[in-house]
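Observations on the three-dimensional arrangement
Here is what each chain is made of, one letter per residue.
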Amino acid sequence: MSLVLETPEAVSSAPKTARKHAGALNLRNVSKTYQVDGKPLKVLQNINLVVEPGEFVTLVGSSGCGKSTILRLIVGLDTECQGEILLDGAPITEPGLERSIVFQEHRLLPWLTVSQNIALGLDASRLSPAERERTVREHIELVGLSGFEKAFPRQLSGGMAQRAAIARSLVTQPEILLLDEPLAALDSLTRLHLQQELLRIWSREKVTMVMVTHDVEEAVFLSDKVVVLAPRPGRIRKEIAIDLPHPRNRVDPAFGALRQAVIEELTH
Ligand SMILES: Nc1ncnc2c1ncn2[C@@H]1O[C@H](COP(=O)(O)OP(=O)(O)OP(=O)(O)O)[C@@H](O)[C@H]1O
Ligand SMILES: [Mg+2]
């Protein structure tokens, strides 16, 4: 990884609660069949994917090709599939604190403040009240929401609410962060800004990230590897390594060539 976004200021305000480590993810021959109207519907077929610790991988593919299904299986919200899903070599059998997910909609509880929503993630932890307060404060700083600790979700913009959702997902120090179209509902300027923010957060937190997006430029801008899925049933068509240093320049010909390569795989 050749990320150059770190600054002394960024390092000093990074959360001090140490992550155990970034997770290594391994999907081996994963297939999945739903029953629809009593008939089998095969939605994933022989998905083989390795995500290295600290890697940022994006999944792209047409609507219905199984991207969210893959994330649900990794996070353990759905455990019925063939094949194996391993985190650091151990099979995933249920949801766990080492895996977090951010969705397209923020899913914050409307009757709780930003701080209280983020603290919810720590309910199962053994932190003392003082440690809990410090951890929440650090994560509010991490996502740039200082000053909005006591705001309710309805008082936030869409981008701010997504920042709070990202903080809530990271507060438990997961080894892997899954993101299902987290920026899709935002206007294009906010989206560009939050792409930068995601990179900053990733570089500070050193967490493994797997993100679904429909935006090819976003995938090339953010990730180490773009995984292109083919539909019905969902299969991996191609993995495209994005070997460009950060910060990436969207008008650079090398960037354009990789964007084009992803589009060709999606449309051929
Ligand atoms: N609970 C379910 N029962 C039956 N079929 C389902 C269920 N959930 C998803 N599917 C089917 O599985 C397929 C994959 O769905 P999935 O939500 O993973 O697609 P996706 O790639 O995330 O699509 P999108 O880009 O629109 O979000 C679709 O054909 C969908 O109809
Ligand atoms: Mg989806």
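Residues numbered from 1 in each chain as written. Chains lettered and ligands numbered in written order. Predicted model: local features only at pLDDT ≥ 70, side-chain atom pairs only at ≥ 80, totals over all residues. Heavy atoms only, no water.

**Looking at the pairing of strand β1 (residues 25-36)**
The line we're drawing: The pairing criterion is simple: DSSP has to find at least two bridges between the two strands. A run of H or I in DSSP becomes a helix once it reaches four residues, and a run of E becomes a strand once it reaches two; helices and strands are each numbered from the N terminus.
Taken together, the nine bridges between β1 and strand β2 (residues 39-51) define a ladder with antiparallel strand orientation. Opposite lysine 32, over in β2, you have leucine 44 as the bridge partner. Of the pairings in the sheet, the one linking β1 to strand β4 (residues 82-87) comprises five bridges and is antiparallel in character. Residue pairing in the sheet places asparagine 26 in a bridge with leucine 86 of β4.

**Focus on the sheet that holds strand β8 (residues 208-212)**
Condition: Only C-alpha atoms enter the line fits that serve as axes; for helices the fit covers just the stretch in contact. Angles between N-to-C directions range over 0 to 180 degrees. It only takes one pair of heavy atoms within 4.5 Å for two residues to be counted as in contact.
As summarised here, the arrangement of the six strands in space is β6-β7-β8-β3-β9-β10, forming an open sheet in which the pairing is mixed. Edge strands, defined here as strands with exactly one partner in the open sheet, are β6 (99-102) and β10 (235-241). On average, each strand axis in the sheet is tilted by 20° relative to the strand beside it, whichever way the strands run. Examined bridge by bridge, β6 and strand β7 (residues 176-180) share four bridges and lie parallel to one another. Residue isoleucine 101 lies in a different strand from β7, and its bridge partner there is leucine 178. Helix-sheet contacts for helix α6 (residues 188-205) involve β3 (56-60), β7 and β8, and the interaxial angle to β8 is about 155°. In the packing of helix α8 (residues 253-267) onto the sheet, the strands contacted are β3, β9 (225-230) and β10, and the crossing angle to β10 comes to about 170°.

**Points about the side chain of glutamate 197**
Put simply, the test is: Relative accessibility under 20% of the residue-type maximum defines a buried residue, over 50% an exposed one, and the middle range a partly exposed one, all with a 1.4 Å probe and only protein chains included. Side-chain atoms alone can form a polar contact between residues adjacent in sequence; in general such a contact is a pair of N or O atoms within 3.5 Å, and within protein one must be able to donate a hydrogen while the other accepts it.
On the secondary structure map, glutamate 197 appears in helix α6. The buried category is assigned to glutamate 197, whose relative accessible area is 13%. Within the local environment of glutamate 197, its side chain forms a polar contact with the side chain of arginine 163, the two groups lying 2.7 Å apart.

**Side note on the site of ligand 1**
Short version of the rule: Near residues are defined by distance, with any heavy atom within 4 Å of the molecule or strand qualifying the residue. Accessible areas in this description were obtained via Shrake-Rupley with a 1.4 Å probe; residue shielding takes into account the shown protein chains only. Think of it as three bins: nonpolar holds Ala, Val, Leu, Ile, Met, Phe, Trp, Tyr, Cys and Pro, charged holds Asp, Glu, Lys and Arg, and polar takes everything else, Gly as well.
Every one of the 14 residues lining ligand 1 counts as a neighbour, but Ser63, Gly64, Lys67, Ser68 and Thr69 are closest to it. Tyrosine 34 is positioned such that a nitrogen or oxygen atom in its side chain is 3.5 Å from a nitrogen atom of ligand 1. At 2.5 Å from an oxygen atom of ligand 1 is found a side-chain nitrogen or oxygen belonging to threonine 69. Considered on its own, ligand 1 offers 630 Å² of accessible surface; in the complex 63% of this is hidden by protein. If you tally residues by element for the shell around ligand 1, the top one is helix α2 (residues 67-75), at four residues. Of the residues assigned to the shell around ligand 1, the class counts are four nonpolar, seven polar and three charged.

**Considering the pattern of salt bridges**
Opposite charge on two side chains makes pairing possible when the charged atoms of those side chains draw close. Note the following rule: Salt bridges are counted wherever a side-chain nitrogen of Lys or Arg sits within 4 Å of a carboxyl oxygen of Asp or Glu.
Counted under the stated rule, the structure contains 14 salt bridges. Residue lysine 32 is joined to aspartate 78 by a salt bridge in which the shortest nitrogen-to-oxygen separation is 2.8 Å. Within this pair, whereas lysine 32 is found in strand β1, its partner aspartate 78 is found in the loop between α2 and β4, the two being separated by 46 residues in sequence. For the pair shown, lysine 32 and aspartate 78 are each scored as buried. Note that glutamate 217 and arginine 259 form a salt bridge whose closest N and O atoms lie 3.1 Å from each other.

**Some points on the confidence of the model for the protein chain**
The following threshold applies: Known as pLDDT, the predictor's per-residue confidence is scaled from 0 to 100.
For the protein chain, per-residue confidence averages 92 on the pLDDT scale, and residues scoring 70 or more make up 93% of the total. For the stretch residues 1-14, pLDDT sits under 50, and the model shows 22 contacts to residues farther than four places along the chain or on other chains.

**Considering helix α5 (residues 158-170)**
Think of an α-helix as 3.6 residues a turn; residues three or four steps apart then line up on the same face. Note the threshold: By definition here, a helix of n residues has an expected span of 1.5 Å times n minus one.
Taking 1.5 Å of rise per residue, the 13 residues of α5 would be expected to cover 18 Å, and the 19 Å separating its terminal C-alpha atoms lies within 8% of that figure. Summarising burial for α5: eleven of the 13 residues are buried, a large majority. Here α5 has its buried residues at Gly159, Met160, Ala161, Gln162, Arg163, Ala164, Ala165, Ile166, Ala167, Ser169 and Leu170. The elements touched by buried residues of α5 are β6, α3 (114-120), α4 (129-142), β7 and α6.

**Re the environment of histidine 106**
Locating histidine 106 in the fold gives a position in the loop between β6 and α3. By relative accessible area, histidine 106 is classed as partly exposed at 29%. In this structure, the C-alpha to C-alpha distance between histidine 106 and glutamine 162, residues 56 residues apart in sequence, is 5.4 Å. When sequence neighbours within four positions are dropped, the list of residues in contact with histidine 106 reads Pro153, Ala161, Gln162, Ala165 and Arg168. Among the polar contacts made by the side chain of histidine 106, one reaches the main-chain amide nitrogen of leucine 108 at a distance of 2.9 Å.

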